[in-house]
Amino acid sequence: MNGLEVFYREAGDPSQPTLLLLHGFPTSSHMFRNLISSLADEYHLIAPDHIGFGRSSMPSVTEFTYSFDSLAEVTDAFIDQLGLERFAVYIHDYGAPIGLRIASRHPHRITALISQSGNAYVEGFTPFWDRLFAHAKDRPANEASVRRYLTKETTFWQYTHGVPVERLDRIAPETWLLDQAALDRPGNDAIQLQLFWDYQFNLDAYPAFQEYFRMHQPPLLVTWGRNDEIFGAAGAEAFRRDLPDGEIHLLDAGHFALETHGTEIGHHLRSFLGEVL
């Protein structure tokens, strides 16, 4: 794909229904490792790393246009290269604007949507976004502020906030340590700062996403941490406006609900996909 390498995890029989798993910030396909193992007996699972994340190519900001449009184009080309005709999409965080661009462009290829803190409504934004939207308006004045989101303290917080005390020990330390190691690579800070700035344009795409929901009524499962302070639970509830038949579960979890509530999410997924696919 234009000289770019996309690393991906794959499991399951390709003749079974396919589920495309799209990760968010600051992680990679590693976030889906346990879900892949638990569902591979009945489903074909594909989880790519976005460009600039995980083990995929990481060209510099002068060599690649880091935007959500570009990341969606690469993912679209990746899907075509693998020959995926029809598939369900699991969206988390950054995976939402990427996956929903693809879904709204190819609605008849999408068998279902699953959202775990995958936002598509302004109601989902929390105070976490205040400095990011300030950065979108004035990059030089707010760069130092948003750089705090690239630190190990914030990465650790992303995994642990909103998690019940009795479930904190379920968070494997390699999760946030791997993510931080990726963020700390030379040049990756410039990539993340560019994507922070570009995120503002995802809001311009929300009307198209919501029109896709209304027109095509894709089957929807939402498994969202009700204690998520990055994308709030109001973002989960907002899906009801355009997809009233969607199945919504608010879990006693934070942003990375798969780490602490993977068993519950897996059960919801099996039940949901068994009904709609």
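Residues numbered from 1 in each chain as written. Predicted model: local features only at pLDDT ≥ 70, side-chain atom pairs only at ≥ 80, totals over all residues. Heavy atoms only, no water.

Visitor: I keep staring at the overall build of the protein chain and nothing clicks. Help me out?
Guide: When helices and strands are counted, the protein chain shows eleven helices and seven strands. Compactness check: the protein chain gives a C-alpha radius of gyration of 17 Å against a globular reference of 19 Å for 277 residues, within 12% of the reference. The 277 residues of the protein chain split such that 58% are buried. Across the protein chain, every contact between residues at least 6 apart in sequence was considered, and the portion connecting residues at least 24 apart equals 79%. Summed over all atoms, the accessible surface of the protein chain reaches about 11,300 Å², with 51% contributed by carbon and sulfur. Of the charged side chains in the protein chain, 21 are positive and 37 negative, and the gap between their average positions amounts to 3 Å. (Helix = DSSP H or I, 4+ residues; strand = E, 2+ residues; numbered from the N terminus. Rg over C-alpha atoms; globule rule 2.2 N^0.38 Å. Buried < 20%, exposed > 50% of the residue type's maximum accessible area, 1.4 Å probe, protein only. Contact = heavy atoms within 4.5 Å. Areas by Shrake-Rupley, 256 points an atom, 1.4 Å probe, with all protein chains shown as cover. Lys, Arg positive; Asp, Glu negative; His and termini not counted. Charge placed at Lys NZ, Arg CZ, Asp CG, Glu CD.)

Visitor: Whenever I open this one, the packing of helix α2 (residues 68-82) against helix α3 (residues 95-105) confuses me. Can you help?
Guide: For any two helices packed against each other, one specifies the inter-axial angle together with the distance between the axes. α3 packs onto α2 with a crossing angle of 60 degrees between their chain directions and a minimal axis gap of 9 Å. The angle between the axes of α2 and α3 places the two elements in the oblique class. As α2 runs across α3, the sense of the crossing is right-handed. Facing Phe68, Asp69, Leu71, Ala72, Thr75, Asp76 and Ile79 of α2, the residues of α3 in contact are Pro97, Ile98, Arg101, Ile102 and Arg105. The residue inventory of the contact of α2 with α3, partitioned by class, reads seven nonpolar, one polar and four charged. (Axes fitted to C-alpha atoms, helices over the stretch in contact; angles between N-to-C directions. Parallel < 35°, antiparallel > 145°, perpendicular 65-115°, else oblique. Left-handed = near helix turned anticlockwise from the far one by under 90°. Nonpolar A, V, L, I, M, F, W, Y, C, P; charged D, E, K, R; others polar.)

Visitor: I'm lost on the sheet that holds strand β5 (residues 110-115) in this one. Help?
Guide: Paired through backbone hydrogen bonds, the strands of a sheet run either parallel or antiparallel to each other. The strand order β1-β3-β2-β4-β5-β6-β7 describes an open sheet built from seven strands, whose pairing is mixed. Strands at the two margins of the open sheet, each flanked by one partner only, are β1 (8-11) and β7 (247-251). Geometrically, the sheet is characterised by an average inter-axis angle of 15 degrees between neighbouring strands, direction not taken into account. Taken together, the five bridges between strand β4 (residues 87-91) and β5 define a ladder with parallel strand orientation. (Pairing = 2+ DSSP bridges.)

Visitor: Can you walk me through the side chain of His50 in this structure?
Guide: For His50, the position within the fold is in the loop between β3 (44-48) and α2. With a relative accessible area of 3%, His50 lands in the buried category.

Visitor: Just checking my understanding: could you explain the environment of Ala103 for this structure?
Guide: The residue Ala103 is located in helix α3 in this model. Overall, Ala103 belongs to the buried group, its relative accessible area being 0%. Linking Ala103 and Leu183, residues 80 residues apart in sequence, is a C-alpha distance of 28 Å. For Ala103, the residues in contact, after removing those within four places along its chain, are Ile110, Leu113 and Tyr212.

Distances and angles like these do not, on their own, reveal function.
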